[in-house]
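Residue-level structure breakdown
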Amino acid sequence: MGLLGAGTAGLLTAAGMYMLGGPSRPTTIGVGTTGQAVILYGDWP
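Residues numbered from 1 in each chain as written. Predicted model: local features only at pLDDT ≥ 70, side-chain atom pairs only at ≥ 80, totals over all residues. Heavy atoms only, no water.

**Thoughts on the overall build of the protein**
What counts here: Counting from the N terminus, the helices are DSSP H or I runs at least four residues long and the strands are E runs at least two residues long. Per-residue and other accessible areas were derived by the Shrake-Rupley procedure at a 1.4 Å probe size, with only the shown protein chains allowed to occlude residues.
The helix and strand tally for the protein stands at one helix and two strands. Listing every helix and strand of the protein by position from the N terminus yields α-β-β. As displayed, the protein offers around 3,800 Å² of accessible surface, 67% of which is attributable to carbon and sulfur atoms.

Written as structure tokens, this is what we have:
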């Protein structure tokens, strides 16, 4: 479980860094959970 948490934190950090270095247009991304999975949705750059 610890490695899963560390992997998730790394993935979210990488996604955040990608968004900050991306184009200047606004991006809408959301995160949701279904109880068994995490879902990322929105307008990806």
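**Quick look at the pairing of strand 2 (residues 38-42)**
Residues in a regular strand project their side chains so that they alternate between the two faces of the sheet. How we decide: Here a strand pair is declared whenever DSSP counts at least two bridges between the two strands.
Examined bridge by bridge, strand 1 (residues 29-33) and strand 2 share five bridges and lie antiparallel to one another. Looking at strand 2, one finds that Gly30 is bridged to Tyr41. As consecutive antiparallel partners, strand 1 and strand 2 are separated by four residues, and within that stretch Gly35 has a phi angle of approximately 95 degrees, a positive value.

**With respect to a nonpolar patch on the surface**
So the rule is basically this: Nonpolar side chains (Val, Leu, Ile, Met, Phe, Trp, Tyr) within 5 Å and like charges within 9 Å form the patches, drawn only from residues with over 30% relative accessible area and no salt bridge. In what follows, salt bridge is the name for a side-chain nitrogen of Lys or Arg lying within 4 Å of a carboxyl oxygen of Asp or Glu.
A cluster of nonpolar side chains, Leu12, Val31, Val38 and Leu40, forms an exposed patch at the surface whose accessible area comes to about 360 Å². Looking at the secondary structure, you find Val31 in strand 1.

Read these as geometric descriptors, not functional statements.
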